[in-house]
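# Observations on the three-dimensional arrangement
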Amino acid sequence: MKVLLTGGAGYIGSHTCVELILAGHTPVIADNFDNSCPEAIRRVEEITGVNVKSYELDVCDSEAVERMFSENDFDAVIHFAGLKAVGESCAIPLRYYRNNIDSTLTLLEAMKKHGVANFVFSSSATVYGVPERVPLVEGMPTGCTNPYGWTKLMNEQILTDAASADAGLSVVLLRYFNPIGAHESGRIGENPNGIPNNLMPYITQVAAGKLSRLGVFGNDYPTPDGTGVRDYIHVVDLAKAHVKALDYAASHKGTEVFNIGTGTGYSVLDIVNAFMRVNDLEIPYDIKPRRPGDIAECYADPSKAEKILGWKAEKTLEDMCRDSWNWQSHNKNGYDPD
Ligand code: NAD
Ligand code: UD1
């Protein structure tokens, strides 16, 4: 299939681009490089030995999107493009709503006009809000605590409504849990701007000496060791879920939603200890107060994805820790020259 990857130069998009090429698909990337750079695409080409067509454009720019659809006969769209920082979304909510919602509407309109029937969307476990219980099952109540989360939930609704109104449209909503790790080559990986908000990039930057100590946000949660529990998933496993989602979309109509996680929760200290053991490194840390908005536990019941998509995470926590460090240690400044 010829597949448009919006945000395809980003962390998850670049890894998915590799897996799509390996599965025999032809990805085309559209990215405005707001949170990425063309070097990521060059590295995907280096890993796969395949040239990847790309467009530098804003997916909210309907004229540019229209031109791109006119030049390509797409079979499907995977919509990764979006702003994703929770704290920033509280500070500049309108930018988040404009970017994350407008992009979806623009794509849906272009798809309708050009008869493109398959849409895979990057949703998030954040749509479950504060879970009543874990593991999370797709039918559980949703609700959000910040504008970023609301953009995901609103997009889910928009896409569901669009598919109900259009018998030709197929939508797959993928609710990602916590992606970490990197391609085993160490050539592509997560490249956060400034000081990372998320746990694994913070740990790797402490290991690299760019940050001095990790702060562990709270050790008084009702969890086995008191620190927050999450479902960390290797980004390559996550990328492979998109290949399965495309196959599913191409052979079904309507909307389907899937949790994409491993089903196993690890605490912050589990991650720190595994990272130190696997990479033979010290990560100095201090216990800090809880981070506002954090929840105690969040992990998936991923059985629906296994049953219906035939997808299951395969990589271990050790793989995630090793590959995260392999990427960071070989790319001290991400995609910028050392
Ligand atoms: P990322 O920031 O690395 O990638 C997003 C890409 O979209 C970037 O390359 C950015 O330049 C591009 N982009 C943003 N707005 C655009 C626009 N209007 N037009 C064109 N390009 C635009 O983020 P990621 O971690 O790869 O996340 C991909 C998607 O998955 C996002 O929608 C994110 O919300 C979602 N998600 C991510 C996580 C996570 O932990 N990384 C978890 C759940 C969901
Ligand atoms: C965060 C976002 C979530 C988003 C996800 C992926 C918040 C409140 N939630 O999820 O919406 O979908 O990122 O981008 O921001 N931790 C530390 N020290 C750190 C960083 C994190 O102890 O320096 C802890 C956190 O308290 C949490 C765990 O590590 O228990 C994971 O944190 P993080 O990687 O930020 O992911 P989430 O909070 O799950």
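Use the structure listed above.
Residues numbered from 1 in each chain as written. Chains lettered and ligands numbered in written order. Predicted model: local features only at pLDDT ≥ 70, side-chain atom pairs only at ≥ 80, totals over all residues. Heavy atoms only, no water.

## Section: the overall build of the chain
Our working definition: Helix and strand labels come from DSSP, where a helix needs a run of H or I of at least four residues and a strand needs a run of E of at least two; each type is numbered from the N terminus. With the radius of gyration taken over C-alpha atoms, the globule rule is written as 2.2 Å times the number of residues to the power 0.38. Burial classes: relative accessible area under 20% of the type maximum marks a residue as buried, over 50% as exposed, and values in between as partly exposed (1.4 Å probe, protein chains only). Just so you know, the count uses Lys and Arg for positive and Asp and Glu for negative, and it drops His and the chain ends. Think of each charge as sitting on NZ of Lys, CZ of Arg, CG of Asp or CD of Glu.
On a plain count of helices and strands, the chain comes out with 11 helices and 14 strands. For the chain, the C-alpha radius of gyration of 19 Å lies close to 20 Å, the compact-globule estimate for 338 residues. Relative to its full complement of 338 residues, the chain shows a buried share of 55%. If the 30 positive side-chain charges of the chain are averaged to one point and the 44 negative ones to another, these points end up 1 Å apart.

## Points about the site of ligand 1
Definition in use: We define proximity as follows: a residue is near a molecule or strand when any one of its heavy atoms falls within 4 Å of that partner. Polarity classes work like this: nonpolar for Ala, Val, Leu, Ile, Met, Phe, Trp, Tyr, Cys and Pro, charged for Asp, Glu, Lys and Arg, and polar for all others, with Gly in that last group.
Near ligand 1, the surroundings consist of 26 residues, among which Asp31, Asn35, Ser36, Lys84 and Tyr148 are the closest. Among the elements of the structure, α1 (11-22), β5 (118-124) and α6 (147-165) are those that each provide at least two residues to the shell around ligand 1. In terms of residue count, β5 provides more of the shell around ligand 1 than any other element does, 3 residues in total. The class makeup of the residues in the shell around ligand 1 is 11 nonpolar, 10 polar and 5 charged.

## Observations regarding the site of ligand 2
Using the following cut-off: Under the rule applied, a polar contact is a pair of N or O atoms within 3.5 Å (in protein, one hydrogen donor and one hydrogen acceptor; residues adjacent in sequence only if both atoms are side-chain atoms). Surface exposure here means Shrake-Rupley accessible area, sampled with a 1.4 Å probe, where a residue is shielded only by the protein chains that are shown.
Lining the immediate surroundings of ligand 2 are 19 residues, of which Leu199, Gly215, Arg230, Arg291 and Asp294 lie closest. Contact distances for ligand 2 include 2.9 Å between an oxygen atom and a side-chain N or O atom of Asn178. Within the side chain of Asp294, a nitrogen or oxygen atom sits 2.6 Å from an oxygen atom of ligand 2. Protein chains shield 87% of the accessible area of ligand 2, which is 740 Å² for the free molecule. Those elements giving two or more residues to the shell around ligand 2 turn out to be α7 (199-207) and β8 (214-217).

## Examining the sheet that holds strand β14 (residues 297-298)
Here is the rule: If DSSP finds at least two bridges between two strands, the strands pair.
An order of β12-β9-β14 is seen for the 3 strands of this open sheet, with the pairing classed as mixed. Two strands close off the open sheet at either side, each with one partner strand: β12 (266-267) and β14. Pairing geometry for strand β9 (residues 229-230) and β12, over 2 bridges, is antiparallel. From the neighbouring strand, Arg230 faces β12, where its bridge partner is Tyr266.

## A closer look at the state of the cysteines
One covalent bond between the sulfur atoms of two cysteine residues makes up a disulfide. Just so we agree on the cut-off: Throughout, disulfides are identified as pairs of cysteine sulfur atoms within 2.5 Å of each other.
A complete count under the given rule lists 0 disulfides for this structure. With no disulfide partner, Cys17 has as its closest neighbouring cysteine sulfur the one in Cys37, 14 Å distant. Between Cys298, a free cysteine, and Cys144, which holds the nearest cysteine sulfur, the sulfur-to-sulfur gap is 12 Å.

## Re the pattern of salt bridges
Where we set the bar: Salt bridges are counted wherever a side-chain nitrogen of Lys or Arg sits within 4 Å of a carboxyl oxygen of Asp or Glu.
Under the criterion given, the structure shown has 17 salt bridges. Note that Arg95 is salt-bridged to Asp34, the shortest N-O span being 3.0 Å. Taken together, the residues Arg95 in helix α5 (residues 93-114) and Asp34 in the loop between β2 (26-31) and α2 (38-48) connect sequence positions 61 residues apart. Each member of the salt-bridge network shares a partner with another, and the members are Glu39, Arg42, Arg43, Glu46 and Arg187.

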